[in-house]
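# Summary of the model geometry
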Number of protein chains: 2
Amino acid sequence: MPYVSAPSDVARGHAAKRLAALATPPGALGRLGELGVWVAACQGQVPPEPVDAVRLVIFAGDHGVAQHGVSAFPPAITGAMVRTFLAGKAGVNALADAHGVAVRVLDLGVDEDFDDLDADTRAALTAYKIRRSSGAIHLEDALTRAQAEAALAAGAAVAREEILAGAQLLLSGDMGIGNTTPAAALIAAGLGLPASEVVGRGTGIDDEALRFKAHVIDDALVRAGERAEDPVETLAALGSADLAATTGYLLAAAQDGVPVLLDGLMSVACAFTADRIEPGAAAWFAAGHRSTEPAQSLALAKMGLEPLLDLGMRLGEGTGAVAAVPVVRSATALLRDVALLSELGT
Amino acid sequence: MPYVSAPSDVARGHAAKRLAALATPPGALGRLGELGVWVAACQGQVPPEPVDAVRLVIFAGDHGVAQHGVSAFPPAITGAMVRTFLAGKAGVNALADAHGVAVRVLDLGVDEDFDDLDADTRAALTAYKIRRSSGAIHLEDALTRAQAEAALAAGAAVAREEILAGAQLLLSGDMGIGNTTPAAALIAAGLGLPASEVVGRGTGIDDEALRFKAHVIDDALVRAGERAEDPVETLAALGSADLAATTGYLLAAAQDGVPVLLDGLMSVACAFTADRIEPGAAAWFAAGHRSTEPAQSLALAKMGLEPLLDLGMRLGEGTGAVAAVPVVRSATALLRDVALLSELGT
């Protein structure tokens, strides 16, 4: 697997100089100033070019734990929401249309075969499918090692397709009832934390279900044991086909030097795992939206990332990342289009 | 002066029902859900129509206090920045271009005559000019009562021009070296607070200048005395031509039922003053960006508003409002375009 290079230090230096030379008071652009410099460093050019081509891939999959009461919703919702994405009628579609973001949905491990879809749609949706559902992580491995590696490779292939299609910024989205349980487990394992510190309410479980969810995660962490020291083994033991593919997708973006705007817990759990596999990958990631799930904030802090937005959204699907795309565009526009003080002749 | 009606309770009720009926988990849209309901209530229709036509007016003016050491920049910058807006090269132009927002700049009280500009540009820029600069508020009134009323009327006329031009959402921006001093004074006077609780560093003054700025505000508050109980008298005593015009602009938007996305300290000081003149005006306002100036947060809290963004910007010009426009569009798109659960047949 290729190593991850850092974003361009030379471009970062030139961008910081340009930022300081803009006809604005020092520091007045706040985080938009820093974000513009990051975009320039990722692009390797100053000023950065506008970030027009933004592409989101939603990795869908089911999770064995969802059969065990960790979610407020039944597993059949996963497939129903995949159909809603395909129909362009989900929350992420509405936001993506509003902000000019391309959306692609892929079934990595949904627990159905989508036989009702037309052949072309079904073929595109399931082109990278690894398996139906993933193992219930408190009882068994989510994936075999071979499946985890296949899912990582699938995600990487998808990223490269999106980059070839012209993506200047990649986003990941998720769909899978129960997926906050494996995502929190990936972060707990990587940070060496107990479930009680990472677990959250997902789409809205009650106190009893929250306690049960924590037990599931703790049982899974005990079951994984020392395998949690290896991030790919962690994906096999505690992840899922969709989360492993998302990890491969984010890692390939970093390897290929394309910046990523992260979404909520699932996206961040996979980014965190990608950065475990290839330390330094996180330099290519920015955080879009603060999740209400504690694990997301813990993993972001470990990667040194601070979300751009905190609007209380907990919809998943990639919506937090799409909502933050205009912030990246604002930052890029400021560093690119504001006059230099030297040009004003004042 | 016409009274302010509230946004439609009927539309708000229908919008809240639609929000609850969307194919998303309850509450999953967070603040975007509430914001979409507010847009629908302001528009009086469900679903709300897309907020495409967004118009920003920058009210420029100088301030007598700027001659007395309250700013990190010399007053001549005000006119230079007005020229930068006209050239389309300021921060707010870059953001407005990125997000499809129309920008208009008006000289209400800049301390120069812009004789170098071509006649048409100068005529449009100065069509509503009240005076050159405004009084140094710790020593004298900013405006006569007649000037304050003329500026309020000018701002209202401008708002109505923008509404006739099709604005679905209005923003206000500011330019004027020294303007955080009168803006903080307006808020201190309205809330009955001493300068020490409202004063901030503006574009970047040091500790000594900050102490001096607080003295200026306290002297101004003492000088205004009981006149601060009347918001229009407060504008005359402690405001400026540009701030009074901005107040009239925001008040007219509320009176005409057009929603407003507020910017930083100046915009919020004027919104706060508009709500003092016509209690209930604030129901038409949403807050775009958290300012680092304490007075802004105090006035927003009084109006029950919470900013959508907190990106550490302190550029003024309306940039905080423009940066938040995509958040309003996100909220509107979600309430408008996401499928209802009943449509999915799951």
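Residues numbered from 1 in each chain as written. Chains lettered and ligands numbered in written order. Predicted model: local features only at pLDDT ≥ 70, side-chain atom pairs only at ≥ 80, totals over all residues. Heavy atoms only, no water.

Attention now moves to the interface of chain B and chain A. Facing 41 residues of chain B, the contacting portion of chain A comprises 41 residues. Between chain B and chain A lies a buried interface of about 3,200 Å² when both sides are counted; carbon and sulfur atoms form 71% of it. The tally of links from chain B across to chain A stands at zero salt bridges. Here chain B and chain A share ten residue pairs in polar contact (both at pLDDT 80 or more) between them. Those elements that place two or more of their residues in the side of chain B that touches chain A are α2 (31–43), α3 (76–86), α4 (91–99), α14 (319–337) and α15 (341–344) of chain B. Residue composition of the side of chain B that touches chain A, by class: 26 nonpolar, ten polar and five charged. (Contact = heavy atoms within 4.5 Å. Buried area = accessible area lost by both parts, 1.4 Å probe. Salt bridge = Lys/Arg side-chain N within 4 Å of Asp/Glu carboxyl O. Polar contact = N/O pair within 3.5 Å; in protein donor to acceptor, adjacent residues only side chain to side chain. Helix = DSSP H or I, 4+ residues; strand = E, 2+ residues; numbered from the N terminus. Nonpolar A, V, L, I, M, F, W, Y, C, P; charged D, E, K, R; others polar.)

Describing an aromatic ring pair means giving the distance of the ring centres and the angle of the ring planes. Residue and element names in this part refer to chain A. Tallied over the entire structure, the rule returns two aromatic pairs over all chains. Judged by centre distance (5.0 Å) and plane angle (70°), the ring pair of F59 and Y249 falls under edge-to-face. Residue F59 is found in strand β1 (residues 54–61), and its partner Y249 is found in helix α11 (residues 241–256); the two are separated by 190 residues along the sequence. This pair shows no difference in class: F59 is buried, exactly as Y249 is. (Phe/Tyr/Trp six-rings, centres within 6.5 Å; stacked < 30°, edge-to-face > 60°. Buried < 20%, exposed > 50% of the residue type's maximum accessible area, 1.4 Å probe, protein only.)

All names here are of chain A. Cis peptide bonds are those with omega within 30 degrees of zero, and the linkage from V46 to P47 qualifies with -5°. Along the chain, P47 falls in the loop between α2 (31–43) and β1. Phi angles above zero are rare outside glycine, and S133 is one such case at about 55°. By the secondary structure assignment, S133 is in the loop between α5 (119–126) and α6 (145–164). One non-glycine residue, E317, lies in positive phi territory at about 75°. By secondary structure assignment, the location of E317 is in the loop between α13 (294–303) and α14 (319–337). Note on E317: relative accessible area 2%, which makes it buried.

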